[in-house]
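Remarks on the overall topology
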Amino acid sequence: MKLLEGKKALIFGLANQRSIAWGIAQAFHEHGAELGFSYAVPQLERRVMPLAEQLGVNFVEICDVTKDEDVTAVFHKATDHFGNIDILIHAIAFAERQDLEGRFLNTSRSGFATALNVSVYSLVALSRAAKPLMASGGSILTLSYYGAEKVVPHYNVMGVAKAALEASTRYLAADLGPDGIRVNAISAGPIKTLSAAGVAGFRKMLGYVEERAPLRRNIDQDEVGKSALWLCSDLASGVTGEVVYVDAGYHILGMPEPPEKWE
Ligand code: 1JT
């Protein structure tokens, strides 16, 4: 059974074939959704266009989510192109490299503001812009990470941003629920994407999770895509304001030591 037949989804945060947004796009496409893509900076166009072509997507727009006029312009074009939409995917985050290393204590005012502006306020701005296109209800989904909840070395200001993102998910869910719009988040385990590449020690972290997570492995973009499919389909019609972990179970552990090391 196709879960998104006749549904229209706008996906923000596509960068390349490793993007979580791409995992979501493929799952949605397989289930019959009509898609639109948005990416952040001009340099990504040559990566995003071939992906759009692969899925027959002919709505592809650049959008700097820190600019109100960019957000307005994309949704103006989306209104012309789609009329209405059913699904909004927010797969956007940014922090300055220097704020993802060293001490959290040293986070600058501007680094803090940038991380929260790009990674959190953008969800509020996009949701507000999407609301008029969701007159018959809809589903909004964002991406988070465990560093929102517990201290993870180096995640620093992004952890604070993700905590605010998860809280924003709940406030938006309460605000938009009466309009028939659900708002949820997926907290994904670490995945090697363009954002994660170049983060010091990221590969070590993948190994750490693989040794300890209940499923003894990492997760991939396809698995986030499948859970996104569920959350944005009618199967999750009663679910809103929720943070769903797609992390091979890592977050349930109170003392993340692999049992074999206890022998
Ligand atoms: C951003 C980056 C958001 C990396 C991200 C992210 N959300 C998850 N990751 C992967 C990650 C990164 C670190 C980490 C654990 C996971 C990079 C740039 C902008 C936004 O630390 C333990 C640092």
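Quick note: structure is the one above.
The notes below deal with the structure included here. (Residues numbered from 1 in each chain as written. Predicted model: local features only at pLDDT ≥ 70, side-chain atom pairs only at ≥ 80, totals over all residues. Heavy atoms only, no water.)

1. Structural notes on the pairing of strand S4 (residues 87-90)
Side chains Ile87 and Ile89 project from S4 onto one buried face, and the interleaved Leu88 and His90 project onto a second face that is buried too. Where strand S1 (residues 8-12) lies against S4, 4 bridges are found, and the strand directions are parallel. Note that in S4 the partner of Phe12 across the bridge is His90. Handedness of the S4-helix H4 (residues 109-130)-strand S5 (residues 138-144) crossover: right-handed. (Buried < 20%, exposed > 50% of the residue type's maximum accessible area, 1.4 Å probe, protein only. Helix = DSSP H or I, 4+ residues; strand = E, 2+ residues; numbered from the N terminus. Pairing = 2+ DSSP bridges. Right-handed = clockwise from strand over helix to strand, strands pointing away.)

2. What to know about the pairing of strand S6 (residues 181-188)
Counting buried positions along S6 yields 8 of 8 residues, so the element is predominantly enclosed. Covered by surrounding structure in S6 are Ile181, Val183, Ala185 and Ser187 together with Arg182, Asn184, Ile186 and Ala188, the residues of both alternating faces. Bridge count for S5 against S6 is 7 bridges, and the pairing is parallel. In the sheet register, Gly138 faces S6, and the bridge partner there is Ile181. The parallel pair S5 and S6, bridged by helix H5 (residues 156-176), forms a crossover whose chirality is right-handed. Looking at chain direction, S6 and strand S7 (residues 243-246) are connected through 4 bridges and run parallel. In the sheet register, Ser187 faces S7, and the bridge partner there is Tyr245.

3. Some points on the site of the ligand
Around the ligand, the surrounding shell holds 14 residues, and the nearest of these are Pro153, Tyr155, Ser195, Val199 and Met205. Within the contact set of the ligand, an oxygen atom lies 3.4 Å away from a backbone nitrogen or oxygen of Pro153. Tyr155 is positioned such that a nitrogen or oxygen atom in its side chain is 2.8 Å from a nitrogen atom of the ligand. The fraction of the free accessible surface of the ligand (500 Å²) that becomes covered by protein chains is 88%. Each residue belonging to the shell around the ligand can be placed in one class, and the counts come to 12 nonpolar, 2 polar and no charged. (Near = heavy atom within 4 Å. Polar contact = N/O pair within 3.5 Å; in protein donor to acceptor, adjacent residues only side chain to side chain. Areas by Shrake-Rupley, 256 points an atom, 1.4 Å probe, with all protein chains shown as cover. Nonpolar A, V, L, I, M, F, W, Y, C, P; charged D, E, K, R; others polar.)

4. Some words on the packing of aromatic side chains
All chains considered together, the criterion is met by 5 aromatic pairs. Here the aromatic rings of Phe59 and Phe82 are separated by 5.2 Å at their centres, their planes lie at 55°, and the arrangement is tilted. Pair noted here: Phe59 is in the loop between helix H2 (45-54) and strand S3 (60-62) and Phe82 is in helix H3 (residues 68-82), with a separation of 23 residues, a long-range link. A single burial state applies to Phe59 and to Phe82, both of which are buried. Summarising the aromatic geometry, the rings of Tyr145 and Tyr155 are spaced 4.8 Å apart at their centres and angled 70° between planes, so their arrangement reads as edge-to-face. Residue Tyr145 is found in the loop between S5 and H5, and its partner Tyr155 is found in the loop between S5 and H5; the two are separated by 10 residues along the sequence. Owing to a relative accessible area of 13%, Tyr145 belongs among the buried residues under this scheme. Here the aromatic cluster, defined as three or more aromatic residues joined through ring pairs, consists of Tyr146, Tyr245 and Tyr250. Geometry around Tyr208 places Arg212 over its ring, the cationic atom sitting 3.6 Å from the centre. (Phe/Tyr/Trp six-rings, centres within 6.5 Å; stacked < 30°, edge-to-face > 60°. Lys NZ or Arg CZ within 6 Å of the ring centre and 35° of its normal.)

It is worth stressing that arrangement in space is one thing and function is another; only the former is reported here.
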